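# Summary of structural features
In case you want the letters, here they are:
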Amino acid sequence: MSSQWSARLPIIAGIGMAIIWGFSFLFTKETLDHTFPLQLLGFRFGVAALFLTLLKLTGVVRFKLKGKSISSLLLLALFQPGLYFIGETWGVKWTSASEAGMVIALVPVAIASMAAIFLKEKLNVKQIISISASVLGVLLIVSAQGKPQFGEHLWGILALLLAVLAAGAYSILARHSSKRFTPLEITFIMMWAGTVIFNVLGVGQSVSEGSFLTYLSPLQLPSVLWAILYLGALSSVLAFFLSNYMFAKLPVSQTAPILNLITVVSVFAGVFFRGEPFGWIQALGITLIVLGVWGTNTFGRIALPPIQIEA
């Protein structure tokens, strides 16, 4: 393999990751037309956990959890996948795929802010300006609805912000766990934790509202099956490998712009495939968010670690 092609592979992997995660908001939105949030999450994580287990059993991926105490990962599971995906999924349900992609783009900003608060990593003036720009971008997106009342849309934005804060908390906690576990081991535990948590809660909701069979009924729809396979196998597993490869081969300065592509793809998918509104206010909002995220990473004194955050 030529050196030129080798240099391009990490960039291609990053673009592939951005496309997969960018379209994940669209698939989530489409599937929520036929499922309720806990049900979708249960199916999604079930597929991801089984797929990752199959890869392990066939030797495609190798890792050892024997002899390691996973109790320290239980707190991680509360934030990721727990609160993160609850916030993201309800947020997508109550807003739009494009708006969800814009707000979730704030995750690096949350990481930098929490690192400053809890790890005493100082923010410089340029970072503070960048963070402020991102927050202003979110406020513009909310104002674009023209609905001052505290309605469903605003609840959706708040749910997405919960996901952003959960992702920030997860990244801080994961720094400690990453010293004892590999990213693949952490992901394996997270997938199975999500499978148990969301399926137990989802089945409980179905039983309380009708019967257990209603929980499985959406699986009769081919569109739901394809969406769950996409979210479980591609978004939660394949994109993870692509992102790990990118982070291992590229400097942070090059990965930040690629991560911003996720937001661009999610907006494109929502506007062109679902006909979601996109005017000059949304354009200004997404510009401020992307520039704010770029500035937060670029002007940081300490490079932020490549923490795995799924979409």
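A short tour of the structure in this document, coming up. In this text, all values refer to a predicted model and were calculated from it rather than measured experimentally.

A surface patch of nonpolar side chains, about 360 Å² in accessible area, is lined by I11, I15, I19, L261 and V264. At the level of elements, helix 1 (3-31) and helix 11 (252-274) are the ones that each hand at least two residues to the nonpolar patch. Element by element, the count of residues in the nonpolar patch is highest for helix 1, at three residues. Tracing the sequence through the fold places I11 in helix 1. Residue class for I11 comes out partly exposed when judged on its relative accessible area of 33%.

A word on helix 5 (residues 107-118). Here helix 5 contains twelve residues, and its C-alpha end-to-end distance of 16 Å stays within 8% of the 16 Å for a straight helix at 1.5 Å per residue. Restricting attention to buried positions, one finds in helix 5 the residues V107, P108, V109, A110, I111, A112, M114 and A115.

With that settled, the discussion passes to the environment of N260. Secondary-structure assignment places N260 in helix 11. Between the C-alpha atom of N260 and that of A18, which follows or precedes it by 242 residues, the distance is 8.0 Å. When residues no more than four places from it in sequence are discounted, the contact partners of N260 are V290, V293 and W294.

Quick look at the pattern of salt bridges now. This model, assessed by the stated rule, comprises three salt bridges. Here D33 makes a salt bridge to R274, at a shortest N to O gap of 3.7 Å. Of this pair, D33 sits in the loop between helix 1 and helix 2 (37-57) while R274 is found in helix 11, placing the two residues 241 residues apart along the sequence. The exposure class assigned to R274 is partly exposed, which follows from its relative accessible area of 31%. As a salt-bridge pair, R274 and E276 come within 3.6 Å of each other at their nearest N and O atoms.

Turning our attention to the packing of aromatic side chains. Scanning the entire structure with this criterion turns up twelve aromatic pairs. Note on F23 and F273: the rings are 5.9 Å apart at their centroids and 65 degrees apart in plane angle, and the pair reads as edge-to-face. A residue pair is termed long-range when its members are at least 10 positions apart, and F23 in helix 1 and F273 in helix 11 qualify at 250 residues. Judged by relative accessible area, F23 falls into the buried class, the value being 19%. Ring geometry for Y84 and F85: centres 4.9 Å apart, planes at 85 degrees, overall edge-to-face. For F85, a relative accessible area of 0% puts it in the buried group. An aromatic cluster is present here, built from F23, F268, F272 and F273 joined pairwise through their rings. Seen from the ring of F63, K56 lies directly overhead, with NZ or CZ sitting 5.3 Å from the centre.

Below, the discussion takes up the nonpolar core. Grouped together as the largest cluster of nonpolar side chains are 76 residues, with contacts concentrated most on I104, M190 and I289. Excluding its chain neighbours within four sequence positions, the residues that come into contact with I104 are F25, Y84, L160, A163 and V164.

Next up on the list: the side chain of T95. Within the secondary structure, T95 is located in the loop between helix 3 (72-94) and helix 4 (97-104). Looking at T95, the relative accessible area reads 11%, which means it is buried. Within the structure, the side chain of T95 is placed 2.5 Å from the backbone oxygen of G91, a separation counted as a polar contact. Sequence-distant contacts of T95, defined by excluding residues within four places in its chain, comprise K29, A100, H153, G156, I157 and L160.

Rules and cut-offs
Every chain begins its residue count from 1, and numbering advances along the sequence as written. Side-chain atom pairs in this predicted model are given and counted only at pLDDT of 80 or more, local residue features only at pLDDT of at least 70, and totals for whole chains, interfaces and linings cover all residues. Values reported for side chains reflect all heavy atoms of the structure, with hydrogen atoms and water molecules removed beforehand. What goes into a patch is any residue over 30% in relative accessible area without a salt bridge, connected to like charges within 9 Å or, for nonpolar side chains (Val, Leu, Ile, Met, Phe, Trp, Tyr), within 5 Å. The Shrake-Rupley method, run with a 1.4 Å probe, gives the accessible areas here. Residue values count only the displayed protein chains as cover. By convention in these notes, a salt bridge is any Lys or Arg side-chain nitrogen within 4 Å of a carboxyl oxygen on Asp or Glu. Under the DSSP-based scheme used, a helix requires at least four consecutive residues in state H or I and a strand at least two consecutive residues in state E, with every element numbered from the N terminus. To sort residues, take the accessible area from a 1.4 Å probe on protein chains only and compare it with the maximum for the residue type: under 20% means buried, over 50% means exposed, and anything in between is partly exposed. One less than the residue count of a helix, multiplied by 1.5 Å, gives the span that helix is expected to have. We call two residues in contact when some of their heavy atoms are within 4.5 Å. Note on aromatic pairs: the rings of Phe, Tyr and Trp (six-membered ring only in Trp) are paired at centre separations within 6.5 Å, and the planes decide the class, stacked below 30 degrees, edge-to-face beyond 60, tilted for the rest. Geometrically, a lysine NZ or arginine CZ counts as sitting over a ring once it is within 6 Å of the ring centre and also within 35 degrees of the ring normal. To define a nonpolar core, start from buried Ala, Val, Leu, Ile, Met, Phe, Trp, Tyr and Cys residues and group those joined through side-chain atoms within 4.5 Å. In protein, a polar contact means a hydrogen-donor-capable atom and an acceptor-capable atom, both N or O and within 3.5 Å, with residues adjacent in sequence counting only if both atoms are side-chain atoms; elsewhere, any N or O pair within 3.5 Å suffices.

These figures come from the coordinates and say nothing about function on their own.
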